[in-house]
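# Topology and contacts: notes
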Amino acid sequence: MVAFAQLHAQNHKITELSNVFLYLVKDRSMCDTDVACDVFFDLTNRVKEHMELVDREICGQLISHPDNRVKNTANRFLSGSTEIKRIFNAYVKQWCSQKSRSLKIEDHPSFLQDTEQMFALVMDRIQRETEHLYPLIRKLGEEQQVA
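Residues numbered from 1 in each chain as written. Predicted model: local features only at pLDDT ≥ 70, side-chain atom pairs only at ≥ 80, totals over all residues. Heavy atoms only, no water.

## Notes on the side chain of Ser 18
Note the following rule: Helix and strand assignments follow DSSP, with helices taken as H or I runs no shorter than four residues and strands as E runs no shorter than two, numbered in order from the N terminus. The contact definition used throughout considers only heavy atoms, calling two residues in contact when any of these lie within 4.5 Å.
Topologically, Ser 18 is positioned in helix H1 (residues 4–25). Residues in contact with Ser 18, not counting those within four places in the same chain, are Leu 43, Phe 119 and Met 123.

## Let's talk about the packing of H1 against helix H2 (residues 34–62)
As a reminder, the rule being used: Axis definition: a line fitted to C-alpha atoms, over the contacting stretch in the case of helices. Angles run 0 to 180 degrees between N-to-C directions. These descriptions rest on fixed angle ranges, namely under 35 degrees for roughly parallel, over 145 for roughly antiparallel, 65 to 115 for roughly perpendicular, and the rest for oblique. Two helices cross in a left-handed way if the nearer one is turned anticlockwise from the farther one by less than a right angle. They cross in a right-handed way if the turn is clockwise. Gly is put with the polar residues, along with every residue not named as nonpolar or charged; the nonpolar set is Ala, Val, Leu, Ile, Met, Phe, Trp, Tyr, Cys and Pro, and the charged set is Asp, Glu, Lys and Arg.
Put simply, H1 and H2 touch, their axes get as near as 9 Å, and they point 150° apart. As judged from the angle between their axes, H1 and H2 are roughly antiparallel. As for the relative orientation of H1 and H2, their crossing is left-handed in sense. Counting all contacts with H1, which are made through Gln 6, Leu 7, Gln 10, Asn 11, Lys 13, Ile 14, Leu 17, Ser 18, Val 20, Phe 21 and Leu 24, the residues of H2 involved are Val 35, Ala 36, Val 39, Phe 40, Asp 42, Leu 43, Arg 46, Val 47, His 50, Leu 53, Val 54 and Ile 58. Looking at the contact of H1 with H2 residue by residue, the class counts come to 15 nonpolar, five polar and three charged.

## Let's talk about the pattern of salt bridges
We count it as follows: Basic side-chain nitrogens of Lys or Arg form a salt bridge, by our definition, when they fall within 4 Å of a carboxyl oxygen of Asp or Glu. Think of it in three bands: residues with accessible area under 20% of the maximum for their type are buried, residues over 50% are exposed, and the middle band is partly exposed, with areas taken using a 1.4 Å probe on protein chains only.
Inspection of every chain in the model, using the stated rule, returns 12 salt bridges. The residue Glu 52 makes a salt bridge to Lys 85 at a minimum N-O spacing of 2.8 Å. Linking Glu 52 in helix H2 with Lys 85 in helix H3 (residues 68–95), this pair joins segments that are 33 residues apart in sequence. Residue class for Lys 85 comes out partly exposed when judged on its relative accessible area of 23%. The structure contains a network of salt bridges with shared partners spanning Glu 52, Asp 55, Lys 85, Arg 125 and Glu 129.

## What to know about unusual backbone geometry
Positive phi outside glycine occurs at Arg 101, with the angle close to 45°. Summarising the element assignment, Arg 101 is placed in the loop between strand S1 (96–97) and strand S2 (102–103).

## Examining the state of the cysteines
Test applied: Note on disulfides: each one is a pair of cysteine sulfur atoms within 2.5 Å.
Under the defined criterion, the tally for this structure stands at zero disulfides. In this structure Cys 37 is not part of a disulfide, and its nearest cysteine sulfur, from Cys 31, lies 8.7 Å away. Note on Cys 37: relative accessible area 6%, which makes it buried. Looking at the unpaired Cys 96, the closest cysteine sulfur is the one in Cys 37, lying at 8.7 Å. The exposure class assigned to Cys 96 is buried, which follows from its relative accessible area of 4%.

Given below as structure tokens:
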């Protein structure tokens, strides 16, 4: 099982990078800088890695739990993950060039709106993990230690 310290560190870094990126791209002239692109690609990679880790290490174990409530929680997170990944991949495909490691912004207001919505979705996911998924894992771990 993955350590909570690692998950929290990932969540903290994703939140930090998201805040920095959102701050940078509000100014159109900053969108074309190497710094903004570096933050963007670091952020998108970390989001993907984190979601894969949670899906594989946490939800993957919970899905086989005998309690249906635990299974249902894992299924909800996995289903949400699939949808977030789909939206996230479409966002990345629309607004960046992976080949040239650059942002491709023709309509800054639309880019800004999509970016704010995308990272609000990611932040909501992180909050739900912290408030629902991690406490469930801790509770199950405590129950196993008692048994």
